[in-house]
Amino acid sequence: MPLWTIHHSPGVFTDAEKHELAGRITDHYEKAGLPRFYVITLFKETGTQDFYVGGEPAPMAIRVVIDHIARHSRDTVDRQRITRWIKNILTPLAATKPDLHWEFHVDETSEELWMINGLVPPPGGSDAEKTWAESNAVSVY
């Protein structure tokens, strides 16, 4: 499961921009073979009085925290590839907001600490996972 939690100051996103960004994020993971329902994107608006960068209020900022559970990077090259594609997903938004401060990081959590609807997800790349991806639904395997 990739979980993207996007903390943002007020007014950074329109509803249409949120929908478009969540779609781009999901599309990428689907291309990597994950079921679309694995991808969760949360937008958390944080008032300027509660969002500080460098000890100062941040009127135009986003901080993205990404949890990867279903897949993990193998090495430095893989991690660099992941950061580039995340940058490529966020850059179009940043380009339309010249005063935006934006940053992200990725945590990798053990898939052994994950369940969906009370089921342990099938192993990555397995036939069961492919079935989940094709049906876009959880099922007993």
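Up top you'll find the structure we're talking about.
Anyway, here's the lowdown on the structure attached to this text. (Residues numbered from 1 in each chain as written. Predicted model: local features only at pLDDT ≥ 70, side-chain atom pairs only at ≥ 80, totals over all residues. Heavy atoms only, no water.)

A few points about the overall build of the protein
Cut-off, in case you're wondering: Each helix is a run of DSSP H or I of at least 4 residues and each strand a run of E of at least 2, with the numbering of both proceeding from the N terminus. Burial classes: relative accessible area under 20% of the type maximum marks a residue as buried, over 50% as exposed, and values in between as partly exposed (1.4 Å probe, protein chains only). A contact between two residues is defined here by any heavy atoms of the two lying within 4.5 Å. Residue burial considers only the protein chains on display, and all accessible areas are found by Shrake-Rupley using a 1.4 Å probe.
Of regular secondary structure, the protein possesses three helices and six strands. For the protein, the sequential pattern of α-helices and β-strands runs β-α-β-β-β-β-α-β-α. If one aligns the C-alpha atoms of the protein with their principal axes, the spans along those axes are about 50 × 35 × 25 Å. Counting across all 141 residues of the protein, residues that qualify as buried make up 36%. In the protein, of all internal contacts separated by at least 6 residues, the share reaching a separation of at least 24 is 72%. Split by element, the accessible area of the protein, about 8,100 Å² in all, is 53% carbon and sulfur.

Some points on helix H2 (residues 76–95)
Spelled out, the test is: For a helix, the expected span equals 1.5 Å multiplied by the number of residues minus one. Bend is the name given here to the angle between axes fitted to two runs of seven residues, the run ending at a residue and the run starting at it.
In this model H2 runs 28 Å from its N-terminal to its C-terminal C-alpha over 20 residues, within 8% of the 28 Å that 1.5 Å per residue would give. Taking the largest bend as the criterion, H2 deviates by roughly 30 degrees, centred on Ile89, and proline Pro92 comes between one and four positions later. Of all the residues in H2, the buried ones are Asp78, Ile82, Trp85, Ile86, Ile89, Leu90, Leu93 and Ala94. The inward-facing, buried residues of H2 contact strand E1 (2–8), helix H1 (15–31), strand E5 (61–68) and strand E6 (101–108).

Spatial relationships are all this shows, so hold off on functional conclusions.
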